[in-house]
Number of protein chains: 2
Amino acid sequence: MEVTRKNFKDCLSSMNCAIEEADFLAIDGEFSGISDGPNVSALTNGLDTPEERYAKLKKHSMDFLLFQFGLCAFKYDPTASKYIVKCFNFYVFPKPFNRASPDIKFICQSSSIDFLASQGFDFNKVFCHGIPYLNQEEEARVRELTEERRNQQANGAANGAAYSSPFCTVPANVPEEHKDFLSQIMFQRKLIYQTLNWKFPKGIHVETVETKSKGRFIQVSKVDNDERKRRERQKLEKEQEELNDAVGFSRVIHAISKSGKLVVGHNMLLDVMHTIHQFYCPLPQDLQDFKDLTMSVFPRLLDTKLMSSTQPFKDKIPITSLAELEKRLKGAPFQSPNVETAEGFPRYDTAQEQLHEAGYDAYITGLCFISMANYLGSFLSPPNTNILPHSKLVEPFVNKLYLMRITDIPYLNMTGPDLQPQRDHVLYVTFPKEWKTSDLYQLFSAFGNIQVSWIDNTSAFVSLSQTDQVQIAMNTSRYAESYRIQTYAEYRRGRQQEKDIPSQP
Amino acid sequence: MEVTRKNFKDCLSSMNCAIEEADFLAIDGEFSGISDGPNVSALTNGLDTPEERYAKLKKHSMDFLLFQFGLCAFKYDPTASKYIVKCFNFYVFPKPFNRASPDIKFICQSSSIDFLASQGFDFNKVFCHGIPYLNQEEEARVRELTEERRNQQANGAANGAAYSSPFCTVPANVPEEHKDFLSQIMFQRKLIYQTLNWKFPKGIHVETVETKSKGRFIQVSKVDNDERKRRERQKLEKEQEELNDAVGFSRVIHAISKSGKLVVGHNMLLDVMHTIHQFYCPLPQDLQDFKDLTMSVFPRLLDTKLMSSTQPFKDKIPITSLAELEKRLKGAPFQSPNVETAEGFPRYDTAQEQLHEAGYDAYITGLCFISMANYLGSFLSPPNTNILPHSKLVEPFVNKLYLMRITDIPYLNMTGPDLQPQRDHVLYVTFPKEWKTSDLYQLFSAFGNIQVSWIDNTSAFVSLSQTDQVQIAMNTSRYAESYRIQTYAEYRRGRQQEKDIPSQP
Ligand SMILES: Nc1nc2c(ncn2[C@@H]2O[C@H](COP(=O)(O)OP(=O)(O)O)[C@@H](O)[C@H]2O)c(=O)[nH]1
Ligand SMILES: Nc1nc2c(ncn2[C@@H]2O[C@H](COP(=O)(O)OP(=O)(O)O)[C@@H](O)[C@H]2O)c(=O)[nH]1
């Protein structure tokens, strides 16, 4: 189901119900770009530590906008032995609510935009009808403001501001020439409000009314006490509704979080980082803090890219990109899962791929998960090909997020320390920027097969095939002038020192 | 006429002809945002120097994208005493041509995007069908590459790369898993090319052909010398065309520049800065260099906002925003100009405003210019209400760009030094961030009317109504602890010193 600002409120209860009854949820996000700094290859060095990778993604990816969010709720129907799925494809955009609301800036990367455009992505739906949102801090601020206003009103404080909603619809762009005029008007309004409140503290109700043609006037009505209270209650309700509207799409994420359900994604680290960054709070500096925060928001995550590149799947699945994975899992020894679209929801057809629509990607991610989970059941005796998300068999894959292109650390362990592979066979080499891969091959030609992981244009990691060659390489490099070699351990110590003693400002 | 990537090439000759025959051109740009730092009020301080304003706009506005460009060519028809207008509304987007081309990142400001969305702006047209472009440096690089390839070919250099276009259409996103495979294929291709060239230096023609289904194969044909030359010529022509396609929208700006025609805009400083930045080169640090560069690209500029806020218009035009100006100039003592849309061009209707479409804004900017120019003629004796752009009467308004919200420097003088108004009555005040405007009014209550120009939340300029009060204010502030006052001259000297002796890194 496609959800924009226009039908968001109507979809909310159906969305809440879908989450509530689901056995697991699948998600996917589309972003306005990937890296605002180095290209993706340089962003994802094969020998990054988890801390480094997290720091790079945080630094170079978070200023893009997550503008489409796919959510599919899969519910198992045991009588029919099949899943019933409800898919939502949300368009998201930080439309400023009023002059006081934050004016979000986000980056677009032309290659990403062009790629989405070539896939038929509808940018007008995002920018014209995207659902707004507030993060936790913004929500708290608006809540406070509303609260304050309520108290003022309760205390009869005669403050003009007390009578205008925090979401007043005054246009955001006031031409310079009108500003003086407007502030005069605003001052006059305030005076009228104050005087009326002071002269008639009880017997009247004062309200700003807006006509269809955007004209605004002050409506003064004589009311008795009951009527006044009724109107004030109405007003509070309206304010509450406006607050909910402003929180907007964040309510979807809150609902997912509150449900505590298993959340499945494909190569989902960036999706998770963006989701938390955009709808909760800026990401913490420290990786451990990020893990703790993430686990408090999404207590059970599963990454199908990690699952498919781990045994017993690894040998049977040569290519783990989402599209290839989905195709592979249709054939033996796997089985296409038995999934039916819930009534009233539009059906996705996997034969006619709609890849890179977040809702569709979330859908086939869910399918992949079910196929792989069921396959795990084939090892039971007797075999059971209906393995549900809460099964013990799934547990080894939970809360491990795929780390792209790191050669020796397959995943980020969300609930404990990360793997610390030996890197004794790795050298850190610096050289003139004119060097090419071939120069490195030549330099290390005596040491057999090497593997090069470029860091930037004057440095790279070189992995030797045998650790005992490291010392030889170090010795021969001692008198070299054009390049320099460090062991991986020396390199790490150097980096750590840089961190401990930051260079003077 | 709406111009996108789809019809750009077909429009080029009509656009060139329109520029060639025009008496003047009107332009307008739409951007993805205005300021990525301070809000617009803080960006445009009322007491900025021209240098400061330029530096701020350069720093905080140039990372947005100019994605719609309006160009209207007005040609005077003396027999009918009327203008014939041809309007173009270009959609512009830096679609990457191939893997080697720059992957532009640009910022979007949600308030600007939301504003354009509310005006019915079509973002899909920009992102899916926007015309690409190269700036001068990028164009030069591609030209060099093409040249190199040509020379290699002429010398019969047997290099595989020599046979693939610099705009090869290999998809930019190669999944990690396929990279090895691809580089193998590429190596094989290279081998085949080299071997063929070496074995049959003359008698064959080798070419990569792409099928409709994106399959690629190598086509080897036996050809005689004439045929080979013909094919090579064809190839060169194709390369030239691809180069032109890549330069894309920049060709429009080059054509405007080459024509040397008067270019009219409304509040056009940002338009000019963006145009040069995006289609020529990064903006220079120094304001004087910017002026020189601008004059070399657009030798005659006229800003209708500056014109309308200068005598003899100033007193008659209370509001100089484009929409208000256009309305005002329809009434006495002004006259709506006699303008007709050229055949084959869609007509804009000023009764049904399409404001904030760049083409429409350029159109009414042109109308405003004609009305105001003609009004100047009413002071001649005998009056002449057909004043053309090259008239002496227009000259005082040429090459002066409106400076928004600077109280005492109305314009940037593009062809000489800027005005240096006395600011002896101005104080620079610093204070705790809790202060409000009212605190400043209170502080200076003894000095009559003051004017406050906020710099940031701990500093502001305060203009006193009389210069002789400055010394008194300075004296009374001597022992103050919470705030500090400097004269404007002291403040400037301090800033200059900061510039001369940059703080140690
Ligand atoms: N000096 C030099 N630097 C390179 C070379 N290849 C890659 N690099 C650097 O390493 C970074 C990552 O390169 P790579 O992983 O190959 O990804 P790519 O940038 O997509 O080709 C690049 O951005 C360069 O800074 C090379 O041949 N010579
Ligand atoms: N401390 C303080 N700073 C202010 C106040 N008003 C404005 N500023 C600062 O001055 C900047 C420009 O303010 P202004 O020109 O009024 O534009 P605005 O930001 O659109 O209201 C703001 O971003 C603030 O940093 C005030 O009352 N107190």
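Residues numbered from 1 in each chain as written. Chains lettered and ligands numbered in written order. Predicted model: local features only at pLDDT ≥ 70, side-chain atom pairs only at ≥ 80, totals over all residues. Heavy atoms only, no water.

1. A closer look at the overall build of chain A
Stated precisely, the cut-off is as follows: Each helix is a run of H or I in the DSSP string that is no shorter than four residues. Each strand is a run of E no shorter than two, and both are numbered from the N terminus. When a residue's accessible area, from a 1.4 Å probe over protein chains only, is under 20% of the maximum for its type it is buried; when over 50% it is exposed; and in between it is partly exposed. When checking whether two residues touch, look at their non-hydrogen atoms; a contact exists if any pair is within 4.5 Å. In this tally, Lys and Arg are treated as positive and Asp and Glu as negative; His is ignored, and so are the chain termini. Lys charges are placed at NZ, Arg charges at CZ, Asp charges at CG and Glu charges at CD.
Within chain A, the regular secondary structure consists of 17 helices and 16 strands. With respect to the principal axes defined by its C-alpha atoms, chain A has extents near 95 × 70 × 40 Å. Taken over 505 residues, chain A has a buried fraction of 49%. Taking contacts inside chain A between residues at least 6 apart in sequence as the whole, the part at least 24 apart equals 70%. Charge centroids of chain A, computed over 58 positive and 62 negative side chains, lie 5 Å from each other.

2. Considerations on the pattern of salt bridges
Side-chain pairing between opposite charges can occur once the charged atoms of the two side chains come close. The criterion, for reference: By definition here, a salt bridge exists when the distance from a side-chain nitrogen of Lys or Arg to a carboxyl oxygen of Asp or Glu is within 4 Å.
Enumeration over the complete set of coordinates arrives at 42 salt bridges over all chains. For K86(B), the salt bridge is made with E21(B), and the minimal N-O distance between the two is 2.9 Å. One end of the pair, K86(B), is in strand 4 (residues 82-91); the other, E21(B), is in helix 1 (residues 8-21), with 65 residues separating them in the sequence. The class of K86(B) is buried, set by a relative accessible area of 14%. Connected through shared salt-bridge partners, E2(A), D122(A) and K125(A) make up one network.

3. Some remarks on the relation of the copies chain A and chain B
Our working rule: The copies were overlaid with a least-squares fit restricted to C-alpha atoms from residues scoring a pLDDT of at least 70 in each copy.
Superposing chain A onto chain B requires a rotation of 180 degrees together with a translation of 0.0 Å along the rotation axis, leaving an RMSD of 0.1 Å. Such a combination of rotation and displacement between the chain copies is what one expects of a two-fold axis. Residues of chain A ranked by C-alpha distance from the rotation axis are headed by I107(A), positioned 2.1 Å from it. Mapped onto chain B, 100% of the interface residues of chain A are again interface residues, and the two copies thus contact each other with one and the same surface.

4. Looking at a negative patch on the surface
Short version of the rule: The patches reported here contain residues having more than 30% relative accessible area and no salt bridge. Joining distances are 9 Å for like charges and 5 Å for nonpolar side chains (Val, Leu, Ile, Met, Phe, Trp, Tyr). What sets the accessible areas is the Shrake-Rupley method with a 1.4 Å probe; for residues, cover comes only from the shown protein chains.
Negative charge collects at one region of the surface, where E51(A), D286(A), D289(A) and D292(A) lie side by side. We classify D289(A) as partly exposed; its relative accessible area is 39%.

5. Some remarks on the nonpolar core
This is how it is decided: Residues belong to a common nonpolar core when they are buried Ala, Val, Leu, Ile, Met, Phe, Trp, Tyr or Cys residues joined through side-chain atoms within 4.5 Å.
Within the largest apolar cluster, 138 residues are counted, with the highest numbers of intra-cluster contacts made by L71(A), F90(A), F123(A), L71(B), F90(B) and F123(B). Beyond its immediate sequence surroundings of up to four residues, F123(A) is in contact with F67(A), I113(A), L116(A), A117(A), F123(B), N124(B), F127(B) and C128(B).

6. With respect to the packing of aromatic side chains
Residue and element names in this part refer to chain B. We count it as follows: Aromatic pairs are defined between Phe, Tyr and Trp rings, using the six-membered ring for Trp, whenever the two ring centres lie within 6.5 Å; interplanar angles under 30 degrees are classed as stacked, those over 60 as edge-to-face, and all others as tilted.
What the rule picks out here adds up to 76 aromatic pairs over all chains. Residues Y375 and F379 carry aromatic rings whose centres are separated by 5.3 Å and whose planes lie at 80 degrees to one another, so their mutual orientation is edge-to-face. Judged by its relative accessible area of 10%, Y375 is buried. Classification of F379 by relative accessible area gives exposed; the value is 53%.

7. So, the interface of chain A and chain B
Filter applied, for reference: Defined in terms of a 1.4 Å probe, buried area is the accessible area two parts forfeit on being brought together, summed over both. Whenever two N or O atoms come within 3.5 Å, that pair is a polar contact, provided that in protein one can donate a hydrogen and the other can accept it, and provided that, for residues adjacent in sequence, both atoms are side-chain atoms. Here, strands pair whenever DSSP counts at least two bridges between them.
The interface is formed by 39 residues belonging to chain A together with 39 residues belonging to chain B. When chain A packs against chain B, close to 3100 Å² is buried across both sides, 53% of that on carbon and sulfur atoms. The tally of links between chain A and chain B comes to two salt bridges. For K95(A), the salt bridge identified is with D114(B), shortest N-O distance 3.1 Å. Viewed at the interface, chain B and chain A are joined by 19 residue pairs in polar contact (both at pLDDT 80 or more). Within the residue set of the side of chain A that touches chain B, elements represented by two or more residues are strand 5 (105-109), helix 4 (110-118), helix 5 (123-129) and helix 7 (176-199) of chain A. Here strand 5 of chain A runs beside strand 5 (residues 105-109) of chain B; their pairing, made up of five bridges, is antiparallel. Bridging from a neighbouring strand, K105(A) pairs with Q109(B) of strand 5 of chain B.

8. Digging into the site of ligand 1
Residue and element names in this part refer to chain A. Operational definition: To be near a molecule or strand, a residue needs just one of its heavy atoms within 4 Å of it. Classification convention: Asp, Glu, Lys, Arg as charged; Ala, Val, Leu, Ile, Met, Phe, Trp, Tyr, Cys, Pro as nonpolar; all other residues, Gly among them, as polar.
Close contacts around ligand 1 come from N39, S41, A42, K433, W435, K436, T437, W454, D456 and N457, and that covers them all. With respect to ligand 1, the backbone of W435 contributes an N or O atom lying 2.6 Å from a nitrogen atom. In the environment of ligand 1, a nitrogen atom lies 2.8 Å from a nitrogen or oxygen atom belonging to the backbone of N457. Protein contact buries 63% of the 550 Å² of open area that ligand 1 shows by itself. At the level of elements, helix 2 (40-43) and strand 14 (450-456) are the ones that each hand at least two residues to the shell around ligand 1. A class-by-class count of the residues in the shell around ligand 1 yields three nonpolar, four polar and three charged.

9. Here we look at the sheet that holds strand 13 (residues 426-430) of chain B
Residues and elements named next belong to chain B. Stated formally: Interaxial angles span 0 to 180 degrees and are taken between N-to-C directions of axes, which are lines fitted to C-alpha atoms, for helices over the stretch in contact.
In space, the four strands of this open sheet follow the order 14-15-13-16, with antiparallel pairing throughout. Each of the sheet's edge strands pairs with one partner strand only, and the pair in question is strand 14 (450-456) and strand 16 (484-487). Adjacent strand axes in the sheet meet at a mean angle of 25 degrees, parallel and antiparallel pairs treated alike. Relative to strand 16, helix 16 (residues 469-476) is tilted by about 150 degrees, and along the sheet it contacts strand 13, strand 15 (459-464) and strand 16. Of the strands in this sheet, strand 13, strand 15 and strand 16 touch helix 17 (residues 488-500), which is tilted by about 90 degrees from strand 16.

10. Remarks on unusual backbone geometry
All names here are of chain A. Of note, the amide linkage connecting Q311 to P312 takes the cis form, showing an omega dihedral of 5 degrees. Mapped onto the secondary structure, P312 falls in the loop between helix 12 (304-308) and helix 13 (322-328). Here the amide bond leading from A332 into P333 is cis, since omega sits at 5 degrees, within 30 degrees of zero. With respect to the helices and strands, P333 occurs in the loop between helix 13 and strand 10 (339-341).

11. Focus: the site of ligand 2
Residue and element names in this part refer to chain B. The immediate surroundings of ligand 2 are formed by N39, S41, A42, K433, W435, K436, T437, W454, D456 and N457. In this structure, a nitrogen atom belonging to ligand 2 sits 2.9 Å away from a main-chain N or O atom of K433. Within the backbone of W435, a nitrogen or oxygen atom sits 2.6 Å from a nitrogen atom of ligand 2. Residue assignment for the shell around ligand 2 shows that the elements contributing at least two residues are helix 2 (40-43) and strand 14.

12. Here's the deal with the side chain of K305(B)
Tracing the backbone shows K305(B) in helix 12 (residues 304-308). A polar side-chain atom of K305(B) sits 3.2 Å from a polar atom in the side chain of T320(B).

13. Thoughts on helix 3 (residues 50-61) of chain A
Owing to its 3.6 residues per turn, the α-helix brings residues three or four apart onto one side. Residues and elements named next belong to chain A. Counted only if it meets this: Under the convention used throughout, the expected extent of a helix is 1.5 Å for every residue step, that is, one less than its residue count.
With twelve residues, helix 3 extends 16 Å from end C-alpha to end C-alpha; this agrees with the ideal 16 Å at 1.5 Å per step. Buried residues of helix 3: P50, E52, R53, Y54, L57, H60 and S61, and no others. Considering only its buried residues, helix 3 is in contact with helix 2, helix 10 (269-279), helix 11 (287-297), strand 12 (411-413) and helix 17 (488-500).

14. Considerations on the confidence of the model for chain A
Residues and elements named next belong to chain A. So the rule is basically this: Note on scores: pLDDT gives the predictor's confidence for each residue, bounded by 0 and 100.
For chain A, the mean per-residue pLDDT works out to 88, and 91% of the residues sit at or above 70. The low-confidence segment residues 157-166 (pLDDT under 50) makes 19 contacts with residues lying over four places distant or belonging to another chain. This stretch, residues 168-177, has a pLDDT under 50; its non-local contacts, to residues over four places away or in other chains, come to 16 contacts. Reported confidence for the predicted complex is 0.85 by ipTM and 0.87 by pTM.

15. Comments concerning the packing of helix 3 (residues 50-61) of chain B against helix 10 (residues 269-279) of chain B
Residue and element names in this part refer to chain B. Operational definition: Put simply, angles under 35 degrees are roughly parallel, angles over 145 are roughly antiparallel, angles from 65 to 115 are roughly perpendicular, and the rest are oblique. Should the near helix be turned anticlockwise from the far one by less than a right angle, the crossing is left-handed, and should it be turned clockwise, the crossing is right-handed.
It is at 11 Å that the axes of helix 3 and helix 10 come closest, and there the two elements cross at 55 degrees. Taken together, helix 3 and helix 10 sit at an angle that is classed as oblique. Two packed elements cross with a definite hand, and for helix 3 against helix 10 that hand is right-handed. Taking contact as the criterion, the partners of Y54, L57, K58 and S61 in helix 3 are, on helix 10, L269, L270, M273 and H274. A per-class count over the contact of helix 3 with helix 10 returns five nonpolar, two polar and one charged.

16. What about the state of the cysteines?
In plain terms, the rule: Pairs of cysteine sulfur atoms within 2.5 Å are what we label disulfides.
Under the criterion given, the structure shown has two disulfides over all chains. Here C72(A) engages in a disulfide with C87(A); their sulfurs sit 2.4 Å apart. On the sign convention where negative means left-handed, the S-S torsion of about 115 degrees between C72(A) and C87(A) marks this disulfide as right-handed. Pair noted here: C72(A) is in strand 3 (residues 66-77) and C87(A) is in strand 4 (residues 82-91), with a separation of 15 residues, a long-range link. C72(A) sits in the buried class, given a relative accessible area of 0%. Classification of C87(A) as buried rests on a relative accessible area of 5%. Not part of a disulfide, C108(A) finds its nearest cysteine sulfur in C108(B), a span of 3.6 Å.

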